[in-house]
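Report on the structure
Below, each chain spelled out in residue letters.
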Amino acid sequence: MRVRLLGYLGYIVGSQTVEINEVNSLKDVIDKLLSMHKGIDEILRNNPESIILILNGKLVENLEEPVKEGDELVITLPTAGG
(Lines give C-alpha, C1' and ligand atoms only; values in the text may rest on other atoms or scores of the structure.)
Protein backbone atom coordinates (compact mmCIF):
# COMPACT_ATOMS: atom_id res chain seq x y z
CA MET A 1 0.00 0.00 0.00
CA ARG A 2 1.09 3.56 -0.58
CA VAL A 3 1.78 5.72 2.44
CA ARG A 4 2.18 9.46 2.00
CA LEU A 5 4.11 11.27 4.72
CA LEU A 6 3.38 14.97 4.67
CA GLY A 7 5.41 17.83 6.04
CA TYR A 8 7.99 17.10 8.69
CA LEU A 9 7.44 13.32 8.53
CA GLY A 10 8.39 13.25 4.85
CA TYR A 11 11.41 15.39 5.61
CA ILE A 12 12.65 13.00 8.30
CA VAL A 13 12.17 9.90 6.11
CA GLY A 14 13.60 11.61 3.03
CA SER A 15 10.57 10.86 0.87
CA GLN A 16 6.94 11.82 0.93
CA THR A 17 5.82 8.45 -0.44
CA VAL A 18 6.74 4.96 0.74
CA GLU A 19 5.36 1.56 -0.21
CA ILE A 20 4.55 -0.81 2.64
CA ASN A 21 3.49 -4.41 2.05
CA GLU A 22 2.16 -7.27 4.15
CA VAL A 23 0.13 -5.24 6.64
CA ASN A 24 -3.38 -5.84 7.92
CA SER A 25 -4.12 -2.78 10.06
CA LEU A 26 -3.04 0.81 10.57
CA LYS A 27 -1.08 -0.36 13.61
CA ASP A 28 0.87 -2.74 11.35
CA VAL A 29 1.63 0.17 9.00
CA ILE A 30 2.90 2.34 11.87
CA ASP A 31 5.01 -0.52 13.26
CA LYS A 32 6.54 -1.19 9.85
CA LEU A 33 7.29 2.51 9.33
CA LEU A 34 9.00 2.58 12.70
CA SER A 35 11.18 -0.41 11.81
CA MET A 36 12.09 1.10 8.43
CA HIS A 37 12.73 4.68 9.54
CA LYS A 38 14.05 5.05 13.08
CA GLY A 39 13.98 8.86 12.87
CA ILE A 40 10.20 9.02 13.18
CA ASP A 41 10.01 6.83 16.29
CA GLU A 42 9.72 9.71 18.74
CA ILE A 43 6.89 11.30 16.80
CA LEU A 44 4.79 8.23 15.94
CA ARG A 45 5.31 5.99 18.95
CA ASN A 46 5.54 8.53 21.74
CA ASN A 47 2.74 10.80 20.52
CA PRO A 48 0.22 8.62 18.63
CA GLU A 49 -2.62 11.00 19.51
CA SER A 50 -0.81 13.84 17.77
CA ILE A 51 -0.74 12.29 14.29
CA ILE A 52 -3.48 12.56 11.69
CA LEU A 53 -4.32 9.42 9.68
CA ILE A 54 -6.34 9.71 6.48
CA LEU A 55 -7.19 6.37 4.88
CA ASN A 56 -8.61 6.58 1.36
CA GLY A 57 -9.72 10.16 1.99
CA LYS A 58 -11.37 9.54 5.38
CA LEU A 59 -10.04 10.61 8.76
CA VAL A 60 -9.36 7.51 10.89
CA GLU A 61 -8.53 7.32 14.61
CA ASN A 62 -8.69 3.57 15.26
CA LEU A 63 -5.28 1.95 14.77
CA GLU A 64 -7.02 -1.43 14.43
CA GLU A 65 -8.69 -0.21 11.22
CA PRO A 66 -8.04 -2.84 8.54
CA VAL A 67 -6.03 -1.97 5.45
CA LYS A 68 -5.51 -3.79 2.17
CA GLU A 69 -3.33 -3.61 -0.91
CA GLY A 70 -4.33 -0.62 -3.03
CA ASP A 71 -5.31 1.58 -0.07
CA GLU A 72 -3.69 4.97 0.32
CA LEU A 73 -2.79 6.27 3.74
CA VAL A 74 -1.76 9.85 4.46
CA ILE A 75 0.05 10.50 7.73
CA THR A 76 0.60 14.06 8.80
CA LEU A 77 0.97 16.22 11.88
CA PRO A 78 -1.42 18.94 12.97
CA THR A 79 -0.41 22.34 11.72
CA ALA A 80 -0.58 25.72 13.34
CA GLY A 81 -1.16 28.95 11.59
CA GLY A 82 -1.43 32.57 12.25
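Just above sits the structure.
Attention here is on the structure that accompanies the text. (Residues numbered from 1 in each chain as written. Predicted model: local features only at pLDDT ≥ 70, side-chain atom pairs only at ≥ 80, totals over all residues. Heavy atoms only, no water.)

Take the sheet that holds strand β4 (residues 58-60) next. Spatially, β2-β1-β5-β3-β4 is the arrangement adopted by the five strands of the open sheet, whose pairing is mixed. Every other strand in the sheet has two partners, leaving β2 (17-19) and β4 as the edge strands with one partner each. With strand direction ignored, the average angle separating the axes of adjacent strands in the sheet is 25°. Where strand β3 (residues 52-55) lies against β4, three bridges are found, and the strand directions are antiparallel. In the sheet register, I54 faces β4, and the bridge partner there is L59. (Pairing = 2+ DSSP bridges. Helix = DSSP H or I, 4+ residues; strand = E, 2+ residues; numbered from the N terminus. Axes fitted to C-alpha atoms, helices over the stretch in contact; angles between N-to-C directions.)

Below, the discussion takes up the pattern of salt bridges. Opposite charge on two side chains permits them to pair, given that their charged atoms come into close proximity. One pass over the full model with this rule turns up four salt bridges. A salt bridge links R2 to E72, with the shortest nitrogen-to-oxygen separation between them at 3.3 Å. Here R2, found in strand β1 (residues 2-5), pairs with E72, found in strand β5 (residues 72-76); they are 70 residues apart in sequence, far enough to count as distant. Residue classification places E72 among the partly exposed positions, given a relative accessible area of 27%. (Salt bridge = Lys/Arg side-chain N within 4 Å of Asp/Glu carboxyl O. Buried < 20%, exposed > 50% of the residue type's maximum accessible area, 1.4 Å probe, protein only.)

Look at E22: it is not a glycine, yet its phi comes out positive at around 60°. Among the structural elements, E22 can be located in the loop between β2 and α2 (26-36). A relative accessible area of 76% places E22 in the exposed class. Of note, N56 is a non-glycine position whose phi angle comes to about 50°, a positive value. Position of N56 relative to the elements: it lies in the loop between β3 and β4. Residue classification places N56 among the partly exposed positions, given a relative accessible area of 44%.

Here we come to α2. For α2, every residue scored as buried is listed here: L26, V29, I30, L33 and L34. Projected down its long axis, α2 shows its buried positions confined to an angular sector of 135°, all on one face. Looking at the buried side of α2, the elements it contacts are β1, β2, α3 (41-44), β3, β4 and β5. (Arc of directions from axis to C-beta. Contact = heavy atoms within 4.5 Å.)

Attention now moves to the pairing of β3. Side chains L53 and L55 of β3 all project onto a buried face; the interleaved residues I52 and I54 project onto a face where none is buried. Here β3 pairs with β5 via four bridges, running antiparallel. Residue pairing in the sheet places I54 in a bridge with V74 of β5. Hairpin connection of β3 to β4: two residues between the antiparallel strands, including N56 at a positive phi of 50°.

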